[in-house]
Amino acid sequence: MAEIEIVFLGTTAGIPTRERAHPAIHIAFRGEKEFCFLFDCGEGTQRQMLIANLNLMKIQYIFITHWHGDHFLGLPGLVDSMSFEGRTKPLKIFAPEVKKLKKILDFNGIERSFEVIMREVPVEENRIQDLVENEEFKIVSTPVKHGLPSVAYGLVEKEKFRIDKEKAKKLGLPVQGKIYAELKEKGEVVFEGKKITIEEVCMVTKGKKVVYSGDTKICQNLLNLARDADLLIQDCTYFDNGEFDDYEHASIKEIIDAADEIKAKKVILTHISRRYRDTERLKEKIRAYPNWQIAEDFMRVKI
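To start, this report covers the structure provided alongside it. Every residue gets a number counted from 1 within its own chain, in the order that chain's sequence is written. Local features in this predicted model are restricted to residues of pLDDT 70 or higher, and side-chain atom pairs are both shown and tallied only at a pLDDT of 80 or more, whereas totals for entire chains, interfaces and linings draw on every residue. Side-chain figures throughout are based on the complete set of non-hydrogen atoms in the structure, without hydrogens or water.

### Some points on the overall build of the protein chain
- Helical segments are the DSSP runs of H or I of at least four residues, strand segments are the runs of E of at least two, and each set is numbered from the N terminus. Tallying secondary structure elements over the protein chain gives nine helices and 18 strands in all.
- Here the C-alpha atoms of the protein chain give a radius of gyration of 21 Å, agreeing with the 19 Å that 2.2 N^0.38 yields for 303 residues.
- Every one of the 303 residues in the protein chain was classed for burial, and the buried ones make up 53%.
- Each accessible area is a Shrake-Rupley result for a 1.4 Å probe, and residues are judged covered by the shown protein chains and nothing else. When the accessible surface of the protein chain is split by element, carbon and sulfur atoms take 47% of a total near 15200 Å². The quantity called the radius of gyration is restricted to C-alpha atoms. Its globule counterpart is 2.2 Å times the number of residues to the power 0.38. Classification of residues uses two cut-offs on accessible area relative to the type maximum, computed with a 1.4 Å probe and protein chains only: under 20% is buried, over 50% is exposed, and between them is partly exposed.

Encoded structure:
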């Protein structure tokens, strides 16, 4: 299976601090090929990438969760820098209300050396929708509950299938051929009048799943996407109970209440309000959850 590396470039909420920059997450998917993604692009993201020793020219896709300034104001500078460095490969940017993206990128009036391909992310239908897909993974989205159209994203690695030659032989199947492509696609085939399921002849390794909530209160769409994730990167703007319920961000209490339903293997809390400067005190609030962490700028996680 692939290695997935996550680098947190910015972990604060609306106003940056000396320790935390605006939201941006770099994810590298290293399978048969390497793919580099950027989820959100807050102010100063390209400088954070330089400090983290990440190559901005390797980014193939950018995914914006919503159009609050702390999540996108780094985009114009990042795209301009790519052009100044002579990029020629197209860059794909996905976002809700994508018509706003053209205005943002055209603000400087600079003629770019490469094509920016803009793709709309649906916010109307309450379901998980595929945005990008290849043989190894897909990127999906779902609308979430915030003060304006917003989405959560998921990076979902596909299952790997390996033929068990001994099982195939006992069933009279060939050890290779088109029958296995059909088996992978449909989950079963009929061979010489007998139905054979994929579990009878293949060893299946489940793919990994990384979910980024974006800004949102806990809602059913997020629960559906995040369920059984290997890693949930979760908005946790507030660590006080009840005081900020009208701000349409998740609080620590909401996240704890949803933990049993989500069943994520690992949770990293990010988008931390500047009112919380003592990270050690925040860690105390999640001490009962050994697989939970408080995000910090330049934190690296591999799964």
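Still more to cover.
### Quick look at the environment of Gly 69
- With respect to the helices, strands and loops of the structure, Gly 69 is situated in the loop between strand E4 (59-63) and helix H2 (75-84).
- The class of Gly 69 is partly exposed, set by a relative accessible area of 24%.
- For Gly 69 and Cys 41, which are 28 residues apart along the polypeptide, the C-alpha to C-alpha distance reads 9.4 Å.

### As for the sheet that holds strand E5 (residues 91-95)
- One open sheet accounts for seven strands, arranged E6-E5-E4-E3-E2-E1-E18; its pairing is mixed. Edge positions in the sheet fall to strand E6 (116-120) and strand E18 (300-302), since each has one partner strand and no second. Mean inter-strand twist for the sheet, computed between neighbouring axes without regard to direction, equals 20 degrees.
- Strand pairing requires that DSSP identify at least two bridges connecting the strands. Taken together, the three bridges between E4 and E5 define a ladder with parallel strand orientation. Across the sheet, residue Ile 62 finds its bridge partner in E5, namely Ile 93. To define axes, lines are fitted to C-alpha atoms, for helices over the stretch in contact only, and angles between the resulting N-to-C directions are given on a 0 to 180 degree scale.

### Notes on the packing of aromatic side chains
- Pairing of aromatic rings covers Phe, Tyr and Trp, the last counted by its six-membered ring, and requires centre-to-centre distances within 6.5 Å; plane angles under 30 degrees mean stacked, over 60 mean edge-to-face, and any other angle means tilted. Evaluation of the coordinates by the stated rule reveals 16 aromatic pairs.
- Ring centres 5.1 Å apart and planes at 75 degrees place the aromatic pair Trp 67 and Phe 72 in the edge-to-face group. Across this residue pair, the class does not change: Trp 67 and Phe 72 are buried.
- Every member of this aromatic cluster is reached through a ring pair, and the members are Phe 29, Phe 35, Phe 37, Phe 39, Tyr 61, Phe 63, Phe 94, Phe 137, Tyr 153 and Tyr 212.
- Think of it as a cone above the ring: NZ of Lys or CZ of Arg counts as a charge over the ring if it is within 6 Å of the ring centre and within 35 degrees of the ring normal. In this structure, Arg 87 is placed above the aromatic ring of Phe 114, and the distance from its NZ or CZ to the ring centre is 5.4 Å.

### What to know about the nonpolar core
- Definition used in this section: a nonpolar core is a set of buried Ala, Val, Leu, Ile, Met, Phe, Trp, Tyr and Cys residues joined via side-chain atoms within 4.5 Å. Among the nonpolar cores identified, the biggest contains 31 residues, and Phe 239, Leu 269 and Trp 292 are the most heavily contacted of them.
- The contact definition used throughout considers only heavy atoms, calling two residues in contact when any of these lie within 4.5 Å. In contact with Leu 269, not counting residues within four places along its chain, are Gln 234, Cys 236, Phe 239, Ile 252, Ile 255, Ile 286, Trp 292, Gln 293, Ile 294 and Ala 295.
- If you look at the next biggest cluster of nonpolar residues, it comprises 29 residues, including Ile 27, Phe 37, Leu 131 and Ile 233.

### Let's talk about helix H5 (residues 178-186)
- Taken as a whole, H5 has its buried residues at Ile 179, Tyr 180 and Leu 183. Buried residues in H5, looked at end-on, bunch into an arc of 95 degrees, giving them a common side. Exposed side chains of H5 directed beyond 90 degrees from the buried face belong to Lys 178, Ala 181, Lys 184, Glu 185 and Lys 186.
- The inward-facing, buried residues of H5 contact strand E10 (160-163), helix H4 (165-170), strand E11 (188-191), strand E12 (194-197), helix H6 (198-201) and strand E13 (202-205).
- In the stretch just after H5, Gly 187 is the one whose phi turns positive, near 85 degrees. By construction, the arc corresponds to the directions joining the helix axis to the C-beta atoms.

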